[in-house]
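A look at the structure
Chain by chain, the residues run as shown.
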Amino acid sequence: MLDSGTSATFTAVARTVAFPAAIGVKMKLNDKIKARGVHISVFPEIYNPILNRLVILDIKMTEVYGLRERSVIKLEKKYNSDIQDIK
């Protein structure tokens, strides 16, 4: 999964980590998740509604096979320049 944030407060981490967690919490509070205790989202009744909501928020998972070497190098360069910006 590759995502880019849009501002200092609407980051890729917020979109790909916090959004799914928040959706899960809202589902639990609205009694849409019946399971009790702590669970990872490997159950379809948990992850399908979360994935459906993420699509509405323009976040979707796309699998790509055979990523070209140039694309990998391009991503590595972007990652390395982002790391340098942080330092």
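Structure's up top.
Keep in mind that this is a model prediction, so the values were computed, not measured.

Examining the overall build of the chain
- For the chain, the helix and strand inventory stands at three helices and zero strands.
- By the burial criterion, 13% of the 87 residues in the chain qualify as buried.
- Within the structure as shown, the chain displays about 7600 Å² of accessible surface, and the carbon and sulfur contribution to it stands at 60%.

Side note on helix 2 (residues 44–56)
- With 13 residues, helix 2 should reach 18 Å at 1.5 Å per residue; the first-to-last C-alpha distance of 18 Å fits that figure.
- All of the buried residues along helix 2 are Ile46, Ile50 and Leu54. End-on view of helix 2: buried residues confined to an arc of 50°, all on one side of the axis. In helix 2, those exposed residues whose orientation departs by more than 90 degrees from the buried face are Glu45, Asn52 and Ile56.
- Structurally, helix 2 contributes buried residues whose contacts are with helix 1 (12–29).
- Positive phi shows up at Asp58, right after helix 2, with a value of about 65°.

Comments concerning the nonpolar core
- Grouped together as the largest cluster of nonpolar side chains are seven residues: Ile23, Met27, Ile33, Ile46, Ile50, Leu54 and Ile59.
- Among the elements that line this core, the one with the most residues is helix 2, at three residues.
- With residues near it in sequence (within four places) discarded, Ile46 still touches Met27, Ile33, His39 and Ser41.

Points about the packing of helix 1 against helix 2
- Where helix 1 contacts helix 2, the axes come no closer than 10 Å and their chain directions differ by 120°. When the interaxial angle is binned, helix 1 and helix 2 end up oblique. In this structure, the crossing between helix 1 and helix 2 has a hand that is right-handed. In this structure, helix 1 uses Arg15, Phe19, Pro20, Ile23, Gly24 and Met27 to contact helix 2, whose residues at the interface are Glu45, Ile46, Pro49, Ile50, Arg53 and Leu54.
- Partitioning the contact of helix 1 with helix 2 into residue classes produces eight nonpolar, one polar and three charged.

Rules behind the numbers
- Sequence order sets the numbering: in each chain, residues are counted from 1 along the sequence as written.
- The model is predicted, so local features are restricted to residues of pLDDT at least 70 and side-chain atom pairs to those at 80 or more, both for listing and for counting; the totals for chains, interfaces and linings are taken over all residues.
- The basis for every side-chain value is the complete set of heavy atoms in the structure, and neither hydrogens nor water enter the calculation.
- Helix numbering and strand numbering both begin at the N terminus, where a helix is a DSSP run of H or I of at least 4 residues and a strand a DSSP run of E of at least 2.
- Note on exposure labels: buried denotes an accessible area under 20% of the residue type's maximum, exposed denotes more than 50%, and partly exposed covers the range between, all computed with a 1.4 Å probe on protein chains only.
- With residues, only the protein chains shown are counted as cover, and all accessible areas are computed by Shrake-Rupley using a 1.4 Å probe.
- Expected span of a helix, by definition, is 1.5 Å for each gap between consecutive residues, and there is one gap fewer than residues.
- The directions considered for the arc run from the helix axis to the C-beta atoms.
- We call two residues in contact whenever any of their non-hydrogen atoms come within 4.5 Å of each other.
- Residues enter a nonpolar core if they are buried and are Ala, Val, Leu, Ile, Met, Phe, Trp, Tyr or Cys, with the set joined through side-chain atoms within 4.5 Å.
- A fitted line through C-alpha atoms serves as each axis, taken over the contacting stretch for helices, and the angle formed by two N-to-C directions is quoted from 0 to 180°.
- Angle categories are assigned with fixed cut-offs, so that under 35 degrees is roughly parallel, over 145 is roughly antiparallel, 65 to 115 is roughly perpendicular, and the rest are oblique.
- Note: crossing handedness is left-handed where the near helix turns anticlockwise from the far helix by less than a right angle, and right-handed where it turns clockwise.
- Three classes are used: nonpolar for Ala, Val, Leu, Ile, Met, Phe, Trp, Tyr, Cys and Pro, charged for Asp, Glu, Lys and Arg, and polar for all others, with Gly counted as polar.

Coordinates in, geometry out; function isn't part of it.
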